[in-house]
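Chain by chain, the residues:
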Amino acid sequence: MSNVVVFGNQKGGVGKSTLSVLYAHWLADVHRRSVCVIDLDTQANTSKTLRRFDSGANAVELFGEEPSLGIPGGSERGIALMAGGKRLADIELARPEAVIPAFRKNVASVARRFDTVVIDTPPALGLRMSAALIAATAVVCPIELEEYSIDGVTDMLKTIFGVRQRYNPRLQLAGIVLNRFNPHSVRQKAAMQQLVDSYREFVIPARISTRSAIPEALASGVPVWDLPKSSAREASAELKTLFGLLQQRMDSAGVGASAMGVTA
């Protein structure tokens, strides 16, 4: 089956949607892959940015035993979006034994049609996050270098480890991504050192700096490397380096929760 890559963190505002969108563009534009993006967030920021790629299928229908959607095909290189929306909130009230197996089966069906499936998750551990991790082959954990964000890393790693141990032995931790880094902030540098000291082998050795070109590109619905400005070139170089390192880890063996040293 193709890679099913989840961008997840149990804290909001860390850049999951931004990195999901840009990773999908990187796969499609730079590597000419077919990519299905599944937006599991009720805020649907990923869906707004990728609306020109809307497949007409909604992500909420993946939780049904027999979804009425026509699952999009990936025969052509590019992106197909399965949009999020408010209806996803109802999934949290459903029976886990019904919706999680259905989601896993339907995502596997999607993955057979695409080179990669990218899943953007809600900022909380619930049925949608659990279902995404159980269906995934890899998870990327973006964080911002703030006290509360770092405090949440251990909880997220315990969740990943628990899902791998109990439900999905193929799940890999692709890496922890340092997002919106300010190289002039003494506080962030100290936080980064604390993170590296605790989780060195899981921290991707590349940082995404705070740059205005990234939100500007997202607002325009294009990848940042399509903007003709110097700050966009700098942001693009950082992002492409990051995604290359992530892909190497996903393509190599032994990048999983079994080696985490984190107890559930």
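The notes below deal with the structure included here. Keep in mind it's a predicted model, so treat the numbers as computed, not measured.

Next up on the list: unusual backbone geometry. Backbone phi values are negative for most residues with the exception of glycine, while trans is the configuration of most peptide bonds. Phi angles above zero are rare outside glycine, and R32 is one such case at about 55 degrees. Structurally, R32 is set in the loop between α1 (16-30) and β2 (34-39). The phi dihedral of A44 falls on the positive side, at around 60 degrees, and the residue is not glycine. The topology assignment puts A44 in the loop between β2 and α2 (45-49).

Our next topic: the sheet that holds strand β8 (residues 203-209). Within a beta sheet, neighbouring strands are joined by backbone hydrogen bonds and run either parallel or antiparallel to one another. Across the sheet, which stays open at both edges, the eight strands sit in the order β3-β4-β2-β5-β1-β6-β7-β8 with parallel pairing between neighbours. The sheet is open, and its two borders are formed by β3 (54-58) and β8, each paired with just one other strand. In this sheet, neighbouring strand axes are inclined to one another by 25 degrees on average, regardless of whether the strands run parallel or antiparallel. Summarising the sheet, β2 and strand β5 (residues 116-120) pair through five bridges and their orientation is parallel. When the sheet's bridge partners are listed, V35 is paired in β5 with T116. Taken strand by strand, α1 contacts β1 (3-7), β2, β4 (78-83), β5, β6 (138-144) and β7 (172-181), and its axis lies near 165 degrees from that of β5.

Our focus in this paragraph is the environment of E201. Within the secondary structure, E201 sits in the loop between α6 (186-199) and β8. C-alpha of E201 to C-alpha of G175: the two residues are 26 residues apart in sequence and 8.4 Å apart in space.

To continue, consider the packing of helix α3 (residues 96-111) against helix α4 (residues 127-135). Put simply, α3 and α4 touch, their axes get as near as 9 Å, and they point 40 degrees apart. The orientation of α3 with respect to α4, classified from their angle, is oblique. Regarding α3 and α4, the two cross each other, and that crossing is right-handed. Judged by residue contacts, P96, V99, I100, F103, R104 and V107 of α3 engage L127, S130, A131, A132, I134 and A135 from α4. Across the contact of α3 with α4, the residue classes tally to 10 nonpolar, one polar and one charged.

The next thing to look at is the layout of surface pockets. Volume-wise, the largest pocket comes out at about 230 Å³. Residue lining of the largest pocket: 18 residues in total, with G13, K16, S17, D41 and N45 positioned closest to the centre. The set of elements that each furnish at least two residues to the lining of the largest pocket consists of α1 and α2. The dominant element in the lining of the largest pocket, judged by the number of residues it contributes, is α1, at four residues. By residue class, the composition of the lining of the largest pocket is four nonpolar, 10 polar and four charged. In this structure, the second largest pocket occupies an estimated 180 Å³ of space. Surrounding the second largest pocket, I100, P101, R104, L125, S130, I134, T159, G162, V163, R166 and Y167 form its lining. Looking at the lining of the second largest pocket, the elements with two or more residues in it are α3, α4 and α5 (147-166). A total of four residues in the lining of the second largest pocket trace back to one element, the largest contributor, which is α5.

The rules behind these values
- Residues numbered from 1 in each chain as written.
- Predicted model: local features only at pLDDT ≥ 70, side-chain atom pairs only at ≥ 80, totals over all residues.
- Heavy atoms only, no water.
- Helix = DSSP H or I, 4+ residues; strand = E, 2+ residues; numbered from the N terminus.
- Pairing = 2+ DSSP bridges.
- Axes fitted to C-alpha atoms, helices over the stretch in contact; angles between N-to-C directions.
- Contact = heavy atoms within 4.5 Å.
- Parallel < 35°, antiparallel > 145°, perpendicular 65-115°, else oblique.
- Left-handed = near helix turned anticlockwise from the far one by under 90°.
- Nonpolar A, V, L, I, M, F, W, Y, C, P; charged D, E, K, R; others polar.
- 1 Å grid on protein atoms, 1.4 Å probe; cavity = no way out; pocket = protein on both sides within 12 Å on 5 of 7 lines; lining within 4 Å.
- Points joined across faces, edges and corners; volume = space filled by probe spheres on them.

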